[in-house]
Amino acid sequence: MIREYEIEIMGGYELLVLSPGMITILTEKVKQSDDREVVMQAEEILSQGYAQYLACVLSANMENVQPSVNLREVYRVTAEQIKKLSINKQMCFEKVRFYEEQYDARFQYYLYLRSSEMFYVLVKRYAAKFSLQYW
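Structure report, in brief. Residue numbers here run from 1 along each chain, matching the order of that chain's written sequence. With pLDDT at 70 or above as the cut-off, local features in this predicted model cover only qualifying residues; side-chain atom pairs require 80 or more to be listed or tallied, and sums for whole chains, interfaces and linings still use all residues. Calculation of side-chain values draws on the structure's entire complement of heavy atoms; hydrogens and water are dropped beforehand.

**So, the pairing of strand 5 (residues 93-103)**
Right, so step 1: A pair of strands counts as paired when DSSP detects no fewer than two bridges linking them. Only DSSP runs of H or I reaching four residues or more are called helices, and only runs of E reaching two or more are called strands; each is numbered from the N terminus. Bridge count for strand 5 against strand 6 (residues 106-115) is 10 bridges, and the pairing is antiparallel. Residue V96 lies in a different strand from strand 6, and its bridge partner there is L113.
Right, so step 2: Following strand 5, the chain reverses through 2 residues before pairing antiparallel with strand 6; D104 in that reversal takes a positive phi of roughly 55 degrees.

Here's what the structure looks like:
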């Protein structure tokens, strides 16, 4: 029997970058991990092409607040929104950190995720289906 859970994103955002597909990727990464910590390239959850599109959309939304938005900012916003994911008001992740490393002249972007015990157990032990709810 499959149990269904609603993952909520709390907080007011003018633009939500998270999608149901991204939630599926996150839950699969947690399911495949040997412990509650996951490190992944940011492009695994948000392709560079889509991130560039979002950078243009965020730049247009921010108007005069910020001159332009780059990939780093898009991935930072993604990490911020992942931090706000919850099930029944319990956070899905205890820690979410975005960081970058430079290789030659190119940057690689990463997400470090530490699942909450509750979320880890749901993902690992149960046949669960997760849907995304925006508030």
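Back to the text.
**Quick look at the nonpolar core**
Inside soluble globular proteins, nonpolar side chains tend to come together where they are buried.
Right, so step 1: Grouped together as the largest cluster of nonpolar side chains are 40 residues, with contacts concentrated most on I7, I82, L85, F93, F119 and F130.
Right, so step 2: With 6 residues, the single largest contributor to this core is helix 4 (residues 71-83).
Right, so step 3: Dropping the residues within four chain positions of it, F93 is found in contact with V30, I82, L85, L113, R114, S115, S116 and F119. Residues belong to one nonpolar core when they are buried, are Ala, Val, Leu, Ile, Met, Phe, Trp, Tyr or Cys, and are joined through side-chain atoms within 4.5 Å. The classification of residues rests on relative accessible area computed with a 1.4 Å probe and restricted to protein chains. Under 20% of the type maximum is buried, over 50% is exposed, and intermediate values are partly exposed. Residues are treated as being in contact if the distance between any of their heavy atoms lies within 4.5 Å.

**So, the pairing of strand 1 (residues 3-9)**
Regular strands place side chains that alternate from one sheet face to the opposite one.
Right, so step 1: Here 7 bridges tie strand 1 to strand 7 (residues 128-134), and the two strands are oriented parallel to one another. From the neighbouring strand, E6 faces strand 7, where its bridge partner is S131.

**Concerning the pattern of salt bridges**
Right, so step 1: Salt bridges are counted wherever a side-chain nitrogen of Lys or Arg sits within 4 Å of a carboxyl oxygen of Asp or Glu. Under the defined criterion, the tally for this structure stands at 8 salt bridges.
Right, so step 2: Measuring nitrogen to oxygen at the nearest pair gives 2.6 Å for the salt bridge that ties R76 to E73. Of the two residues, R76 and E73 are both situated in helix 4; the distance of 3 residues between them amounts to about one turn of the helix.
Right, so step 3: On the basis of relative accessible area, R76 is assigned to the partly exposed category, the value being 35%.
Right, so step 4: Among the salt bridges present, the one from E94 reaches R114, with a minimum N-O distance of 3.1 Å. Of this pair, E94 sits in strand 5 while R114 sits in strand 6, and the two are 20 residues apart along the sequence.
Right, so step 5: Overlapping salt bridges bring together R36, E37, E94, R114 and E117 as one network.

**Quick look at the side chain of Q108**
Right, so step 1: Summarising the element assignment, Q108 is placed in strand 6.
Right, so step 2: Beyond its immediate chain neighbours, meaning those up to four positions away, Q108 contacts Q41, Y99, E100, E101 and Y103.

**Concerning helix 5 (residues 117-125)**
Right, so step 1: Within the span of helix 5, buried status applies to F119, Y120, V121, L122 and V123.
Right, so step 2: Among the structural elements, strand 1, helix 1 (20-32), strand 3 (85-87), strand 5, strand 6 and strand 7 are those in contact with the buried residues of helix 5.

**Concerning the sheet that holds strand 1**
Right, so step 1: If you walk across this open sheet you meet the 4 strands as 4-3-1-7, and the pairing is mixed. The sheet is open, and its two borders are formed by strand 4 (90-91) and strand 7, each paired with just one other strand.
Right, so step 2: Helix axes are fitted to C-alpha atoms over the stretch in contact, other axes to C-alpha atoms as well, and angles between N-to-C directions run from 0 to 180 degrees. Sheet contacts for helix 5: strand 1, strand 3, strand 4 and strand 7; angle to strand 7, the most-contacted strand, approximately 130 degrees.

**Observations concerning the environment of Y103**
Right, so step 1: Structurally, Y103 is set in strand 5.
Right, so step 2: When the C-alpha atoms of Y103 and F119 are compared, they prove to be 34 Å apart, with 16 residues separating the residues in sequence.
Right, so step 3: Beyond its immediate sequence surroundings of up to four residues, Y103 is in contact with Q108 and Y110.

Honestly, that's just the spatial picture; any functional story needs more than this.
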